[in-house]
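What follows is each chain in one-letter form.
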Amino acid sequence: MRDIARKAGVGTATVDRVLNGRAPVRQRTAERVLAAADELNYHARRVIHRRVEAMSPQATLGFILQKEGKWFYRALAASIRSAAGAVAKLRASVEIRFVESLSPTVLADALLGMAERSDAVAMVSVDHPRISEAIAKCTDASVPVLAMLSQLDSPHIAGFVGVDGRKAGRTAGWFMTRAAGSRPEVGLLVGSHRYLGHEAQELGFRGYMREFAPDTRLHDSPIILDDAEVAYEATTELLTLNPGITGLYHCGGGATGVISALRELDRARSTFYICHGRSPATKQALLDGVVDVTIASPVDAIAQRVVDSMVLHLTGKGHEMSRTPLDFQLITAENL
């Protein structure tokens, strides 16, 4: 105990109080004692760990994610729970709600309900005035709200965690101009323009094609609402009506529907397909040559940053939150 006290810069009585919980000790001091005990491999360091954890304030971190049936959101939920379980500054519990609808009313109600049970909330959501109104109410109630994956256009949003959609779209354009032929025809599939992330991806792609491949014919499809069945119907119609299409760029979810359509129409080899989001289905399609490039958000990095950002806000250090977009991943069959 004298060795720990010397290394931590405290008295042996302080070490005794931390170890045995005899009297209050400031958390920062207790953490120094814990660090010294770990470094010295003190035999009772696990007891000190429990004492320090008990001193940490409790907080509930709330998350609103999209459809639970999607592999991506289940993987994100698992990564969030893992990241929250490793938090040292707080005793963080996690509540996750999956929302099956893109309805702004449903999402706004989900946010307000989550805010009643949580100290901070992060959400994946379309952008809409109802959502902005709900975020303002949460902020008034001192519950910070962060946007995940897709930005939200609210002055009250506490931050955004995700990739740069415009840059991802321009990267898709770079691939497309090099792979879809000298005078390509390209089909464009968009999940929802209410997702600002999808809108940014589309704008980035169109901007790159306008600048570097101005003769490209771009064919729009109906909005596919991140739904695989809608995506299947939209892709089938798009390719049937436009047999000259040599490339598809897909902003949003529902990739399994596009993959099915490409297989059934026997267009996989003749159509360069770029999609977003990594999953077992897109992995298999990459191996089979149906998907050519996947632009993926880094699930573990997003979960870690959003949890870290929530903790910073709850400990009065929200200004230290990183505002830099995360790097997206480029996946082909050769780097799986």
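For the structure itself, look to the data block above.
In what follows, the accompanying structure is described. Quick caveat, the model's predicted, so the values are computed rather than measured. (Residues numbered from 1 in each chain as written. Predicted model: local features only at pLDDT ≥ 70, side-chain atom pairs only at ≥ 80, totals over all residues. Heavy atoms only, no water.)

**Examining the overall build of the protein**
Step number 1: The secondary structure content of the protein amounts to 13 helices and eleven strands.
Step number 2: The dimensions of the protein, computed from C-alpha atoms along their principal axes, are 80 × 45 × 35 Å.
Step number 3: Per-residue burial for the protein yields a buried fraction of 52% across its 336 residues.
Step number 4: Contacts in the protein between residues at least 24 apart in sequence constitute 68% of all its contacts with a sequence separation of at least 6.
Step number 5: Carbon together with sulfur atoms contributes 48% to the accessible area of the protein, which is approximately 16000 Å² in total.
Step number 6: Looking at the protein, you have 39 positive and 37 negative side-chain charges, and the mean spots of the two groups are 10 Å apart. (Helix = DSSP H or I, 4+ residues; strand = E, 2+ residues; numbered from the N terminus. Buried < 20%, exposed > 50% of the residue type's maximum accessible area, 1.4 Å probe, protein only. Contact = heavy atoms within 4.5 Å. Areas by Shrake-Rupley, 256 points an atom, 1.4 Å probe, with all protein chains shown as cover. Lys, Arg positive; Asp, Glu negative; His and termini not counted. Charge placed at Lys NZ, Arg CZ, Asp CG, Glu CD.)

**Quick word on the packing of helix α8 (residues 165–179) against helix α9 (residues 196–212)**
Step number 1: The contact between α8 and α9 brings their axes to 6 Å, and the two run at 40°. Classified by the angle their axes make, α8 and α9 are oblique. α9 is crossed by α8, and the crossing has right-handed handedness. Every residue of α9 that contacts α8 at Gly165, Arg166, Gly169, Arg170, Ala172, Gly173, Trp174, Met176, Thr177 and Arg178 is listed here: Gly197, Ala200, Gln201, Gly204, Phe205, Gly207, Tyr208, Met209, Glu211 and Phe212.
Step number 2: Counted by class, the contact of α8 with α9 contains eight nonpolar, eight polar and four charged residues. (Axes fitted to C-alpha atoms, helices over the stretch in contact; angles between N-to-C directions. Parallel < 35°, antiparallel > 145°, perpendicular 65-115°, else oblique. Left-handed = near helix turned anticlockwise from the far one by under 90°. Nonpolar A, V, L, I, M, F, W, Y, C, P; charged D, E, K, R; others polar.)

**Digging into the nonpolar core**
Step number 1: Counting 55 residues, the largest nonpolar core has Phe63, Leu65, Leu76 and Met148 as its most contacted members.
Step number 2: The element contributing the most residues to this core is helix α13 (residues 299–314), with eight residues.
Step number 3: Leaving out residues up to four positions away in the same chain, Leu65 has contacts with Tyr73, Leu76, Ala77, Ile80, Ile96, Arg97, Phe98, Val99, Val124 and Met148. (Core = buried A, V, L, I, M, F, W, Y, C linked by side-chain atoms within 4.5 Å.)

**Concerning the pattern of salt bridges**
For side chains of opposite charge, pairing can occur when their charged atoms come near one another.
Step number 1: Per the stated rule, a full pass over the model turns up eight salt bridges.
Step number 2: Residue Glu39 is joined to Lys7 by a salt bridge in which the shortest nitrogen-to-oxygen separation is 3.4 Å. Residue Glu39 is located in helix α3 (residues 27–39), and its partner Lys7 is located in helix α1 (residues 2–8); the two are separated by 32 residues in the primary sequence.
Step number 3: The class of Glu39 is exposed, set by a relative accessible area of 58%.
Step number 4: Arg117 is the partner of Glu95 in a salt bridge, and the nearest nitrogen-oxygen pair spans 2.7 Å. With Glu95 in strand β2 (residues 91–98) and Arg117 in helix α6 (residues 104–117), the pair connects residues that are 22 residues apart, well separated along the chain. (Salt bridge = Lys/Arg side-chain N within 4 Å of Asp/Glu carboxyl O.)

**Describing the pairing of strand β6 (residues 185–190)**
Step number 1: Within β6, six of the six residues are buried, leaving the element largely enclosed by the surrounding structure.
Step number 2: Side chains of β6 alternate between two faces, with Glu185, Gly187 and Leu189 and Val186, Leu188 and Val190 buried alike.
Step number 3: Two strands pair when backbone bridges link them, and β6 and strand β7 (residues 217–220) are joined in this way by four bridges, in the parallel orientation. Bridge pairing links Leu188 to Asp220 in β7.
Step number 4: Note on the crossover from β6 through α9 to β7: the handedness is right-handed.
Step number 5: Of the strand pairs in this sheet, β6 and strand β8 (residues 247–251) are connected by five bridges, and their pairing is parallel. Within β8, the position partnered with Leu188 by the bridge is Tyr249. (Pairing = 2+ DSSP bridges. Right-handed = clockwise from strand over helix to strand, strands pointing away.)

**Digging into the side chain of Ser79**
Step number 1: Considering the arrangement of structural elements, one finds Ser79 in helix α5 (residues 71–85).
Step number 2: Accessibility expressed as a relative area gives 13% for Ser79, which makes it buried.
Step number 3: Not counting the four nearest positions on each side in its chain, Ser79 is found in contact with Val299, Asp300 and Ala303.

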